[in-house]
Amino acid sequence: MSATVGTGDVWSSAGFAPVGGYSAPFSGSFDGQGFSIKNLTSRQRTINRVGLFGLMSANATVQNTTLNGGMLSGYGSVGALAGISYGTVVNCSSSAGVQSAGGGFVGGMLGSNNGTVSNSQTSGPVSSTGGFRGGFAGVNNGTISSCSASGAVTGRGGYSGQLVGINNGVIK
């Protein structure tokens, strides 16, 4: 079986293929209702925008979602919940591991945050070679409030931060 990222077919030989990509970002609303997604695995080592959601548009909302365990890997813009988010994330948590071989933006919850995130936390390990890596987000260009990250952040080259790798936005 094969899947093309962003086409709606979410399982491939590399595990889970992210929902929403560059040509068709996720723009809906997802409410996990407090349930857990356990051991989500995605080994998309040659693509960018890897996570449960690859790319979330400004209209997208994800809330009350827990990722329990698993490992998500990609080339760049990798986060457990979303590779890149322009949307809203509320009351989410993740203990999944996140890694990137290509650098870019890598974070425990979001690779790149360009939207609003609140009341969320991560505890999984984050690692990359180069780029910006953070326990919660690789880069923050939006707003992060009442969020935390407790997992190990490791890598070679680039920049690391316990919460974000680089902050160009607001953290409160």
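Numbers given to residues run from 1 along each chain, matching the order in which its sequence is written. Note on the predicted model: pLDDT of at least 70 is required for a residue's local features to be given, and 80 or more for side-chain atom pairs to be given and counted; whole-chain, interface and lining totals, by contrast, use all residues. Side-chain measures were taken over the full set of non-hydrogen atoms in the model, leaving aside hydrogen atoms and water.

1. With respect to the side chain of S120
Point 1. Here a strand is any run of E in DSSP of at least two residues, a helix any run of H or I of at least four, and the numbering for each starts at the N terminus. Position of S120 among the secondary structure elements: in the loop between β14 (116-118) and β15 (121-122).
Point 2. Here's how the labels work: a residue is buried when its accessible area is under 20% of the maximum for its type, exposed when over 50%, partly exposed in between, all with a 1.4 Å probe on protein chains only. In this structure S120 comes out as buried when scored by relative accessible area, which is 0%.
Point 3. Pairs of residues are marked as contacts when any of their non-hydrogen atoms sit within 4.5 Å. S120 has contacts with V89, V90, N91, C92, M109, F136, S146, C147 and S148, leaving out every residue within four places of it along the chain.

2. Digging into the sheet that holds strand β24 (residues 170-171)
Point 1. One open sheet holds the six strands; their spatial order is β3-β6-β9-β14-β19-β24, and the pairing between them is parallel. On the outer flanks of this sheet lie β3 (29-31) and β24, each paired with one strand and no other.
Point 2. Note that strand β9 (residues 88-90) and β14 share three bridges and pair parallel. Paired with V90 across the strands is S118, a residue of β14. The criterion for strand pairing is that DSSP finds at least two bridges linking the strands in question.

3. A closer look at the state of the cysteines
Point 1. Cysteine sulfur pairs qualify as disulfides if the two atoms are within 2.5 Å. Following the criterion strictly, the structure yields zero disulfides and no others.
Point 2. C92 takes part in no disulfide bond, and the closest cysteine sulfur to it belongs to C147, at a distance of 9.3 Å.
Point 3. You can call C92 buried: its relative accessible area is 1%.
Point 4. Here C147 falls in the buried class, since its relative accessible area comes to 16%.

4. Quick notes on the environment of G97
Point 1. Mapped onto the fold, G97 is located in strand β11 (residues 97-100).
Point 2. A sequence separation of 50 residues divides G97 from C147, and the C-alpha atoms of the two residues are 17 Å apart.
Point 3. For G97, the contacting residues outside a window of four places in its chain are G70, M71, L72 and P125.

Geometry only, nothing functional implied.
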